[in-house]
Amino acid sequence: MSSPAEFYNSLPPISKAYGTICLLTTTLCQLGILHPIHIALIFELVFPYFQIWRLFTNFLFLGKFSINFGIRLLMIARYGVQLEKGPFERRTADFLWMMIFGALSMLLLSAIPLLRSPFLGISLVFMLLYVWSREFPNAQINIYGLVSLKAFYLPWAMLALDVIFGSPLMPDLLGIIAGHLYYFLTVLHPLATGRNLLKTPLWVHKLVGRWRIGVPTNPSSFRPGVAAPVTQGGASAFSGRGRRLTD
């Protein structure tokens, strides 16, 4: 059995970095060193007062220490890691671009008053969950030992549980919308037309290569998007949609 340090070091770079920063941010807020209001997404303060950092920092707060915070962190450690080690294995730049695209999509959606949310970290985690559920649609998931269902329906089940427990609906919904938009543009549409409308930009590949993050990929390569089998609740799960166009 591996030690906590060995487990942490074995995590892929993007999921590990994001989960670590979210944990540190919550710790600072819990200790009173940082107040959440200073990192929240408040559009009235972003451009008129040049508080541009809010466009980034709002993704780093998953709420104060609680059961819900623990669940969100575990979702990164499970679904984000399985994506990065499975369908996105040796495609660190593509995984990073997925998160960047998701964040940009959520910022645009949050500009609509009806969809506004001060913190989009939960939305980004929910996007990871949604994409994972499409890559491993037949995985069997057990929720709190009460309900067993296919992974394809897991985002909607988690959304329903959040509503039952009194959590806001909008962050989950934004994550589902952004996740579906990404999956449509990178998997469903290319499978139907042979054209990828959301190629990973060259600057993301250069960033990954320059900082030696994970495994740099060849931006002109065409790779199959089939993940290795992953066991979920005693059943084998495979990636959902065959092949990906990454060029």
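Cut-offs and rules
Residues numbered from 1 in each chain as written. Predicted model: local features only at pLDDT ≥ 70, side-chain atom pairs only at ≥ 80, totals over all residues. Heavy atoms only, no water. UniProt positions renumbered as here; feature names shortened; annotations may be inferred. Helix = DSSP H or I, 4+ residues; strand = E, 2+ residues; numbered from the N terminus. Buried < 20%, exposed > 50% of the residue type's maximum accessible area, 1.4 Å probe, protein only. Contact = heavy atoms within 4.5 Å. Areas by Shrake-Rupley, 256 points an atom, 1.4 Å probe, with all protein chains shown as cover. Salt bridge = Lys/Arg side-chain N within 4 Å of Asp/Glu carboxyl O.

Looking at an unreviewed UniProt entry, one finds the chain named Derlin and attributed to Acorus calamus. Its UniProt record, at the heading Sequence similarities (unreviewed entry), says of the chain: "Belongs to the derlin family."

S.K.: Help me understand the overall build of the chain, please; the structure alone is not making it clear to me.
M.R.: Along the backbone of the chain there are ten helices and four strands. Order of helices (α) and strands (β) in the chain, N terminus to C terminus: α-α-α-α-α-α-α-β-β-α-α-α-β-β. Counting across all 247 residues of the chain, residues that qualify as buried make up 49%. Within the chain, contacts between residues separated by at least 24 positions form 66% of all contacts whose residues are at least 6 apart in sequence. For the chain, the accessible surface area stands at approximately 12,600 Å², while carbon and sulfur atoms represent 68% of it.

S.K.: Which parts of the structure should I look at to understand the pattern of salt bridges?
M.R.: Summed over the entire model, instances satisfying the criterion amount to three salt bridges. With its nearest N and O atoms 2.8 Å apart, the salt bridge here joins Arg91 to Asp94. An identical accessibility class is assigned to Arg91 and Asp94; each is buried.

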